[in-house]
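# Observations on the model geometry
Residues per chain, in single letters:
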Amino acid sequence: MPTSKPRISINLSESEYAELSALAERHNLSMAWIGHKAIMEFMEQNRAETLQLPLSFAKRPSLSRAPQIVSSSEPISKVHPS
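Residues numbered from 1 in each chain as written. Predicted model: local features only at pLDDT ≥ 70, side-chain atom pairs only at ≥ 80, totals over all residues. Heavy atoms only, no water.

What the protein chain contains, in helices and strands, is 3 helices and 2 strands. When the helices and strands of the protein chain are read in sequence order from the N terminus, they spell out α-α-β-β-α. Out of the 82 residues in the protein chain, the part that is buried amounts to 7%. Taking as baseline every contact in the protein chain between residues at least 6 positions apart, the subset at least 24 positions apart corresponds to 8%. Accessible area of the protein chain: about 7700 Å², with a carbon and sulfur share of 56%. (Helix = DSSP H or I, 4+ residues; strand = E, 2+ residues; numbered from the N terminus. Buried < 20%, exposed > 50% of the residue type's maximum accessible area, 1.4 Å probe, protein only. Contact = heavy atoms within 4.5 Å. Areas by Shrake-Rupley, 256 points an atom, 1.4 Å probe, with all protein chains shown as cover.)

Moving on: the environment of Leu29. Relative to the helices and strands, Leu29 resides in the loop between helix H1 (14–26) and helix H2 (31–45). With near-sequence residues (within four places) excluded, Leu29 lies in contact with Ala24 and Ile34.

Before going further, it helps to spend a moment on unusual backbone geometry. In this structure, Asn28 takes a positive phi of about 55° despite not being glycine. By the secondary structure assignment, Asn28 is in the loop between H1 and H2. The class of Asn28 is exposed, set by a relative accessible area of 71%.

Turning our eyes to something else, we now look at the pattern of salt bridges. If you walk through the whole model with that rule in mind, you get 1 salt bridge. Across the pair Lys37 and Glu41 runs a salt bridge whose closest N-O atoms are separated by 3.8 Å. Of the two residues, Lys37 and Glu41 both sit in helix H2, 4 residues apart, roughly one turn of that helix. A residue is classified by how much of its surface remains accessible, and Lys37, at 38% relative accessible area, is partly exposed. (Salt bridge = Lys/Arg side-chain N within 4 Å of Asp/Glu carboxyl O.)

Quick look at a nonpolar patch on the surface now. A surface patch of nonpolar side chains, about 770 Å² in accessible area, is lined by Ile8, Ile10, Leu12, Tyr17, Ile39, Met40, Phe42 and Met43. Looking at which element gives the most residues to the nonpolar patch, the answer is H2, with 4 residues. Among the structural elements, Met40 can be located in helix H2. You can call Met40 partly exposed: its relative accessible area is 38%. (Patch = residues over 30% accessible without salt bridge, like charges linked within 9 Å, V, L, I, M, F, W, Y side chains within 5 Å.)

The next subject is H1. An α-helical turn contains 3.6 residues, so a residue and the one three or four places further along point in the same direction. If you check H1, its first and last C-alpha atoms are 18 Å apart, about what 13 residues at 1.5 Å a residue would give, namely 18 Å. In the segment just after H1, Asn28 is the residue with positive phi, at about 55°. (Expected span 1.5 Å × (residues − 1).)

The structure is reproduced here in structure tokens:
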């Protein structure tokens, strides 16, 4: 049955896809359900007035515009100054 809910698309490496697929199969879940659950938990953990995500948008050599997750306790403004 078609849905009218908004959708997103993500790209995974072969190993990330294989790991997600195995996890879904092992627990008899869909990969979409796992992705939705992960996003909802991430949003809940990071819901605040002054959102400080641990993300850096530094350029990678092979991908010119892909975001890169970094581990940092610094506010994003310090990790990635304007």
